[in-house]
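Descriptive structure summary
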Amino acid sequence: MRNNFSRQSIYLLAVSLFLLVFVLIFSFAVLIPEGKEYRIKRNELSIENLELRQLNDFAVEKEVILQKLRSENLHTIEALEAEFNSERFVKQHRASFSSLDVSKIEPFGQEDGFSVYEVNTSSEISSPKGFYNFLDSLNKSDWVIAVNFPINFKREGEMIKSSFTMRVYNNKSDSNTTK
(Lines give C-alpha, C1' and ligand atoms only; values in the text may rest on other atoms or scores of the structure.)
Protein backbone atom coordinates (compact mmCIF):
# COMPACT_ATOMS: atom_id res chain seq x y z
CA MET A 1 0.00 0.00 0.00
CA ARG A 2 1.34 3.11 -1.10
CA ASN A 3 0.45 6.42 0.40
CA ASN A 4 -0.10 8.97 -2.12
CA PHE A 5 0.41 12.42 -0.69
CA SER A 6 0.07 15.31 -2.98
CA ARG A 7 2.17 18.38 -2.84
CA GLN A 8 -0.72 20.45 -1.57
CA SER A 9 -1.30 18.07 1.30
CA ILE A 10 2.35 18.21 2.32
CA TYR A 11 2.33 21.99 2.00
CA LEU A 12 -0.86 22.18 4.09
CA LEU A 13 0.61 19.82 6.69
CA ALA A 14 3.83 21.88 6.90
CA VAL A 15 1.94 25.16 7.29
CA SER A 16 -0.32 23.57 9.91
CA LEU A 17 2.66 22.27 11.89
CA PHE A 18 4.41 25.64 11.62
CA LEU A 19 1.30 27.44 12.88
CA LEU A 20 0.87 24.89 15.69
CA VAL A 21 4.49 25.38 16.78
CA PHE A 22 4.10 29.17 16.49
CA VAL A 23 0.91 29.15 18.60
CA LEU A 24 2.55 26.95 21.26
CA ILE A 25 5.68 29.11 21.43
CA PHE A 26 3.58 32.31 21.48
CA SER A 27 1.37 30.87 24.24
CA PHE A 28 4.23 29.79 26.50
CA ALA A 29 6.43 32.80 25.78
CA VAL A 30 3.85 35.62 25.88
CA LEU A 31 0.32 34.71 26.91
CA ILE A 32 0.93 32.56 29.98
CA PRO A 33 3.42 34.99 31.65
CA GLU A 34 1.12 37.93 30.84
CA GLY A 35 -1.84 35.98 32.27
CA LYS A 36 0.06 35.30 35.49
CA GLU A 37 1.01 38.97 35.76
CA TYR A 38 -2.60 39.94 35.07
CA ARG A 39 -3.86 37.67 37.89
CA ILE A 40 -1.25 39.09 40.28
CA LYS A 41 -2.20 42.67 39.38
CA ARG A 42 -5.91 41.84 39.67
CA ASN A 43 -5.36 40.43 43.19
CA GLU A 44 -3.32 43.50 44.17
CA LEU A 45 -6.06 45.75 42.81
CA SER A 46 -8.77 43.93 44.76
CA ILE A 47 -6.69 44.21 47.96
CA GLU A 48 -6.13 47.94 47.34
CA ASN A 49 -9.83 48.44 46.61
CA LEU A 50 -10.68 46.71 49.90
CA GLU A 51 -8.19 48.92 51.78
CA LEU A 52 -9.58 52.01 50.02
CA ARG A 53 -13.11 51.07 50.98
CA GLN A 54 -12.03 50.51 54.61
CA LEU A 55 -10.21 53.85 54.68
CA ASN A 56 -13.23 55.62 53.18
CA ASP A 57 -15.47 54.04 55.82
CA PHE A 58 -12.99 55.11 58.50
CA ALA A 59 -12.88 58.66 57.09
CA VAL A 60 -16.68 58.88 57.04
CA GLU A 61 -16.84 57.59 60.62
CA LYS A 62 -14.25 60.12 61.79
CA GLU A 63 -16.02 62.93 59.91
CA VAL A 64 -19.25 62.09 61.76
CA ILE A 65 -17.36 62.14 65.08
CA LEU A 66 -15.68 65.43 64.11
CA GLN A 67 -19.01 67.08 63.23
CA LYS A 68 -20.52 65.84 66.50
CA LEU A 69 -17.58 67.22 68.50
CA ARG A 70 -17.73 70.51 66.61
CA SER A 71 -21.41 70.90 67.39
CA GLU A 72 -20.91 69.98 71.05
CA ASN A 73 -17.92 72.32 71.46
CA LEU A 74 -19.00 75.18 69.23
CA HIS A 75 -18.73 77.67 72.10
CA THR A 76 -15.08 76.73 72.74
CA ILE A 77 -14.18 76.87 69.05
CA GLU A 78 -15.73 80.33 68.75
CA ALA A 79 -13.96 81.38 71.96
CA LEU A 80 -10.60 80.41 70.45
CA GLU A 81 -11.31 82.64 67.46
CA ALA A 82 -12.52 85.65 69.48
CA GLU A 83 -10.18 88.54 70.18
CA PHE A 84 -9.83 89.48 73.83
CA ASN A 85 -11.43 92.81 74.67
CA SER A 86 -10.57 93.98 78.19
CA GLU A 87 -13.47 96.47 78.39
CA ARG A 88 -15.99 93.80 77.46
CA PHE A 89 -14.35 91.40 79.92
CA VAL A 90 -14.74 93.92 82.73
CA LYS A 91 -18.40 94.56 81.81
CA GLN A 92 -19.18 90.82 81.78
CA HIS A 93 -17.51 89.99 85.10
CA ARG A 94 -18.00 93.19 87.10
CA ALA A 95 -20.94 91.61 88.93
CA SER A 96 -18.62 89.14 90.71
CA PHE A 97 -16.41 91.93 92.11
CA SER A 98 -16.76 95.26 93.87
CA SER A 99 -14.08 96.59 91.53
CA LEU A 100 -12.22 94.92 88.69
CA ASP A 101 -9.19 96.28 86.84
CA VAL A 102 -7.54 94.59 83.88
CA SER A 103 -4.07 95.71 82.87
CA LYS A 104 -2.56 95.84 79.42
CA ILE A 105 -2.50 92.66 77.36
CA GLU A 106 1.00 91.36 76.84
CA PRO A 107 1.93 88.67 74.33
CA PHE A 108 3.19 85.67 76.28
CA GLY A 109 4.21 83.41 73.41
CA GLN A 110 3.05 80.24 71.74
CA GLU A 111 1.79 77.09 73.48
CA ASP A 112 0.72 74.07 71.46
CA GLY A 113 0.04 76.21 68.38
CA PHE A 114 -2.05 78.84 70.19
CA SER A 115 -1.17 82.47 70.74
CA VAL A 116 -1.10 83.18 74.45
CA TYR A 117 -1.57 86.60 76.02
CA GLU A 118 -1.03 87.37 79.67
CA VAL A 119 -3.39 89.73 81.47
CA ASN A 120 -2.76 91.03 85.00
CA THR A 121 -5.92 91.51 87.01
CA SER A 122 -6.64 93.15 90.34
CA SER A 123 -9.99 93.18 92.06
CA GLU A 124 -11.89 93.76 95.28
CA ILE A 125 -14.45 91.29 96.54
CA SER A 126 -16.62 91.17 99.61
CA SER A 127 -16.38 87.37 100.04
CA PRO A 128 -14.44 84.50 98.47
CA LYS A 129 -17.73 83.16 97.11
CA GLY A 130 -17.78 85.99 94.57
CA PHE A 131 -14.34 84.96 93.36
CA TYR A 132 -15.39 81.34 92.96
CA ASN A 133 -18.48 82.46 91.04
CA PHE A 134 -16.13 84.42 88.78
CA LEU A 135 -14.00 81.30 88.18
CA ASP A 136 -17.13 79.34 87.27
CA SER A 137 -18.30 82.07 84.90
CA LEU A 138 -14.95 82.02 83.06
CA ASN A 139 -15.90 78.65 81.58
CA LYS A 140 -18.90 80.28 79.93
CA SER A 141 -17.11 83.44 78.77
CA ASP A 142 -16.38 84.43 75.19
CA TRP A 143 -12.67 83.60 75.49
CA VAL A 144 -10.50 80.66 76.51
CA ILE A 145 -8.90 81.86 79.73
CA ALA A 146 -6.71 80.14 82.30
CA VAL A 147 -6.24 81.73 85.71
CA ASN A 148 -2.66 81.27 86.88
CA PHE A 149 -1.59 80.67 90.42
CA PRO A 150 -0.68 82.13 92.83
CA ILE A 151 -3.77 84.17 93.47
CA ASN A 152 -2.96 86.80 96.07
CA PHE A 153 -5.67 87.69 98.58
CA LYS A 154 -5.24 90.52 101.09
CA ARG A 155 -7.90 91.61 103.56
CA GLU A 156 -8.40 95.36 103.92
CA GLY A 157 -11.30 96.18 106.21
CA GLU A 158 -14.51 94.66 104.88
CA MET A 159 -13.06 94.03 101.40
CA ILE A 160 -10.64 91.42 100.09
CA LYS A 161 -8.16 92.63 97.47
CA SER A 162 -7.04 90.01 95.02
CA SER A 163 -4.53 90.01 92.23
CA PHE A 164 -3.84 87.28 89.72
CA THR A 165 -2.73 86.72 86.14
CA MET A 166 -4.76 85.16 83.41
CA ARG A 167 -3.63 83.65 80.15
CA VAL A 168 -5.92 84.20 77.19
CA TYR A 169 -5.58 81.59 74.45
CA ASN A 170 -6.32 82.44 70.86
CA ASN A 171 -6.19 80.46 67.64
CA LYS A 172 -5.06 83.49 65.63
CA SER A 173 -1.45 84.57 65.82
CA ASP A 174 -0.74 88.19 66.80
CA SER A 175 -4.34 89.31 66.23
CA ASN A 176 -5.04 90.48 69.79
CA THR A 177 -4.52 94.11 70.49
CA THR A 178 -5.19 96.24 73.51
CA LYS A 179 -8.69 97.60 73.35
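Check the entry above for the structure.
So, here's what we can say about the structure. (Residues numbered from 1 in each chain as written. Predicted model: local features only at pLDDT ≥ 70, side-chain atom pairs only at ≥ 80, totals over all residues. Heavy atoms only, no water.)

Attention now goes to the overall build of the chain. A count of helices and strands for the chain gives four helices and five strands. Secondary structure elements in the chain, listed N-terminal to C-terminal, are α-α-α-β-β-β-α-β-β. Looking at the 179 residues of the chain, the share that counts as buried comes to 22%. If you take every contact in the chain between residues at least 6 apart in sequence, the share linking residues at least 24 apart comes to 65%. Carbon and sulfur atoms make up 58% of the accessible area of the chain, which amounts to about 13,400 Å² in all. (Helix = DSSP H or I, 4+ residues; strand = E, 2+ residues; numbered from the N terminus. Buried < 20%, exposed > 50% of the residue type's maximum accessible area, 1.4 Å probe, protein only. Contact = heavy atoms within 4.5 Å. Areas by Shrake-Rupley, 256 points an atom, 1.4 Å probe, with all protein chains shown as cover.)

Pairing analysis gives 10 bridges linking strand β4 (residues 144-156) to strand β5 (residues 159-170), with the strands arranged antiparallel. Residue pairing across strands places Lys154 opposite Lys161, the latter belonging to β5. Connecting the antiparallel pair β4 and β5 is a turn made up of two residues, with Gly157 showing a positive phi of about 70 degrees. (Pairing = 2+ DSSP bridges.)

Here helix α4 (residues 128-138) has its buried residues at Gly130, Phe131, Phe134 and Leu138. Projected onto a plane normal to the axis of α4, the buried residues spread over an arc of 100 degrees and lie on a single side. Every exposed residue of α4 that faces more than 90 degrees away from the buried side is listed here: Lys129 and Tyr132. (Arc of directions from axis to C-beta.)

So, on to a nonpolar patch on the surface. On the surface, a nonpolar cluster with roughly 880 Å² of combined accessible area is contributed by Tyr11, Val15, Phe18, Leu19, Phe22, Val23, Phe26, Val30 and Leu31. Within the secondary structure layout, Val23 lies in helix α1 (residues 7-72). Looking at Val23, the relative accessible area reads 46%, which means it is partly exposed. (Patch = residues over 30% accessible without salt bridge, like charges linked within 9 Å, V, L, I, M, F, W, Y side chains within 5 Å. Salt bridge = Lys/Arg side-chain N within 4 Å of Asp/Glu carboxyl O.)

Below, the discussion takes up the nonpolar core. With 14 residues, the main nonpolar core has Phe89, Phe134, Ile145, Phe164 and Met166 as its most contacted residues. Where this core is concerned, the elements lending two or more residues are β3 (114-125), α4, β4 and β5. Tallying contributions element by element places β5 first for this core, with four residues. (Core = buried A, V, L, I, M, F, W, Y, C linked by side-chain atoms within 4.5 Å.)

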